[in-house]
Amino acid sequence: MAVEPQAVLLHTLRDLGYTDVKNGCEIGECGACAVLLDGEAVNSCMVLAMQADGADIVTNSGLGTMDKPHVIQESFADAGAIQCGFCTPGMVISTKALLDRNPDPSEAEIRDALSGNLCRCTGYGQIVDAVKLAASRLAGASSQREDARSNSKRGRELDSSNRVLESGDQTKVGGES
Ligand code: FES
Ligand code: FES
């Protein structure tokens, strides 16, 4: 799309219908407008739209929907980390960026990663709990995937050794006849 040179990414995304990108302060203080720009969480109110030319942009609704929520979004709901919900899209984006680079963060690392996201409702305790919950669920899912991969590899190995045995038997049977 064509944009004015001074167009701000926050307004451009909202004009395109991505209203999950929240307009809180417009001065880079609240984190409500956070999006992933090539995998990095940035405040979209501090980025010109043309600076995002050719970049991958992911907003909260790009991670998951009401019907198919992302693990992080589900964890925020399950941990009671959402009250008015205004800060939540930015919190979810900052959490995604954190867990992508550090899947097992300490509480201090979680608080540090979310220090640019302000919440006026929750007092942050449940938000930290939500990030821990998401980290443990994602770790569980990835170890289940690992198990499934190694089970299927073991299955393939057993299958192929059975085939070797069977073909050995046939040779033997063939030799006897
Ligand atoms: S609206 Fe961008 S940081 Fe507050
Ligand atoms: S839930 Fe209301 S601002 Fe965070």
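Every value quoted in this text rests on a predicted model; they were computed, and no experiment measured them.

Peer 1: Would you mind going over the pairing of strand β2 (residues 40–43) with me for this structure?
Peer 2: Two faces make up the sheet, and in a regular strand the side chains alternate between them. With four bridges connecting them, strand β1 (residues 34–37) and β2 associate as antiparallel partners. Looking at the pairing, V35 lines up with V42 of β2. The loop that links β1 with its antiparallel partner β2 comprises two residues; one of these, D38, has a positive phi angle of about 50°.

Peer 1: How should I be thinking about the nonpolar core in this particular structure?
Peer 2: Generally speaking, soluble globular proteins have nonpolar side chains that are buried together. Core analysis: the largest hydrophobic core is formed by 35 residues, its most contacted members being L10 and I127. Those elements that place two or more of their residues in this core are α1 (9–15), β1, β2, α3 (71–78), α4 (88–101) and α6 (125–176). Beyond its immediate chain neighbours, meaning those up to four positions away, I127 contacts A81, M91, L114, C119 and T122.

Peer 1: For this particular structure, what's the right way to read unusual backbone geometry?
Peer 2: Peptide bonds are mostly trans, and most non-glycine residues show a negative phi. Here the phi dihedral of E26 falls at roughly 65°; this positive angle occurs in a residue that is not glycine. Relative to the helices and strands, E26 is located in the loop between α1 and β1. A positive phi angle is found at Y124, which is not glycine, with a value near 75°. Within the fold, Y124 resides in the loop between α5 (107–113) and α6.

Peer 1: Which parts of the structure should I look at to understand the sheet that holds strand β3 (residues 57–58)?
Peer 2: Strand pairing in a sheet relies on backbone hydrogen bonds. The paired strands run either parallel or antiparallel. Taken in spatial order, the three strands line up as β2-β1-β3 in an open sheet, and their pairing is antiparallel. The open sheet terminates on both sides in strands that have one partner only, identified here as β2 and β3. Set on the sheet, α4 makes contact with β1 and β2; between it and β1 the angle comes to about 35°.

What counts as what
Residue positions are counted from 1 within each chain, in the order its sequence is given. To read the labels, note that chains go from A and ligands from 1, taken in the order they are written. Only residues with pLDDT of at least 70 get local features here, since the model is predicted, and only at 80 or more are side-chain atom pairs given and counted; chain-wide, interface and lining totals rely on the full set of residues. Between any two strands, at least two bridges found by DSSP are needed for them to pair. Elements are defined by DSSP. Helices are runs of H or I of four residues or more, strands are runs of E of two residues or more, and each kind is numbered from the N terminus. One nonpolar core equals one set of buried Ala, Val, Leu, Ile, Met, Phe, Trp, Tyr and Cys residues connected by C-beta atoms within 7 Å. Each residue is classified by how many other C-beta atoms fall within 10 Å of its C-beta atom, where C-beta atoms are placed from the backbone; a count of 20 or more means buried, 12 or fewer means exposed, and values in between mean partly exposed. We call two residues in contact when the distance between their C-beta atoms, placed using the backbone, is within 7 Å. Structural elements are reduced to axes, namely lines fitted to C-alpha atoms, with helices fitted over the stretch in contact, and the angle between N-to-C directions of any two is expressed from 0 to 180 degrees.

So yeah, pure geometry; function would need other evidence.
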